[in-house]
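Summary of the model geometry
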Amino acid sequence: DAGVIQSPRHEVTEMGQEVTLRCKPISGHNSLFWYRQTMMRGLELLIYFNNNVPIDDSGMPEDRFSAKMPNASFSTLKIQPSEPRDSAVYFCASSSGAEDIQYFGAGTRLSVL
Amino acid sequence: SQQGEEDPQALSIQEGENATMNCSYKTSINNLQWYRQNSGRGLVHLILIRSNEREKHSGRLRVTLDTSKKSSSLLITASRAADTASYFCATDGSSYKLIFGSGTRLLVRP
């Protein structure tokens, strides 16, 4: 298995632009998580999907952030409009059960200028 | 606030030495996990210990759990330069949510 695949690996954009991050979870996993990692705040859970349904989006910072999971093999995290404070590494992770081990993608390093 | 807090924040040791990292948490847990993150990479799961277990081994890794003290330790024996990474503990804050600590940055000097 190729593991969790995220794209792009790096994204540099200007303030106000729309940013879309993509994630392909491990086949057969029914839980998907989006995290954000910064030096100041560490690793934060943004949103959790189970069987493609958003269960908990309480970590989504504000309305500028949205996430979708149209099917079991694809999810997107969108920021519109982006701001410099959104600069961080965004990770997607998947697992086969709620309490099971989470498998992380390599992350997307986002820089908003 | 974060459920797990690692101690120390940074650790520098010589290759061949043992490295010990500690994690404290605040609420009851079902299990505790340790993850490693190499620079510029995603987190990789190392080991999971359940609340009814006191010690677990995996290769050069030994994890202990003391639920009475709400603490866990990760011991890496005979460290190697390749062990240089950040190490995070994660507790199950709810039925699905893992709460990660702030991590320990380990540097193993050749």
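To start, this report covers the structure provided alongside it. (Residues numbered from 1 in each chain as written. Chains lettered and ligands numbered in written order. Predicted model: local features only at pLDDT ≥ 70, side-chain atom pairs only at ≥ 80, totals over all residues. Heavy atoms only, no water.)

1. A word on the side chain of A:Gln6
Residues and elements named next belong to chain A. Note that Gln6 resides in strand β1 (residues 5-7). For Gln6, the side chain forms a polar contact with the main-chain nitrogen of Cys92, separated by 2.9 Å. A distance of 3.1 Å separates a polar atom in the side chain of Gln6 from the backbone nitrogen of Gly107. Among all residues touching Gln6, those that are not within four sequence positions of it are Arg22, Trp34, Tyr90, Phe91, Cys92, Gly105, Ala106, Gly107 and Thr108. (Helix = DSSP H or I, 4+ residues; strand = E, 2+ residues; numbered from the N terminus. Polar contact = N/O pair within 3.5 Å; in protein donor to acceptor, adjacent residues only side chain to side chain. Contact = heavy atoms within 4.5 Å.)

2. Considering the pattern of salt bridges
Tallied over the entire structure, the rule returns eleven salt bridges over all chains. A salt bridge links A:Arg64 to A:Asp86; the shortest N-O distance between them is 2.7 Å. Here A:Asp86 lies in the loop between β8 (74-79) and β9 (88-95) and A:Arg64 lies in the loop between β6 (53-56) and β7 (65-71), a separation of 22 residues in the sequence. Using a relative accessible area of 9% as the deciding quantity, one classes A:Arg64 as buried. A salt bridge links B:Arg60 to B:Asp83, with the nearest nitrogen and oxygen atoms 2.9 Å apart. With B:Arg60 in the loop between β6 (55-58) and β7 (61-66) and B:Asp83 in the loop between β8 (71-76) and β9 (85-92), this pair connects stretches of sequence that are 23 residues apart. Here B:Arg60 falls in the partly exposed class, since its relative accessible area comes to 23%. Salt bridges sharing common partners tie together A:Glu62, A:Arg64, A:Glu83, A:Arg85 and A:Asp86. (Salt bridge = Lys/Arg side-chain N within 4 Å of Asp/Glu carboxyl O. Buried < 20%, exposed > 50% of the residue type's maximum accessible area, 1.4 Å probe, protein only.)

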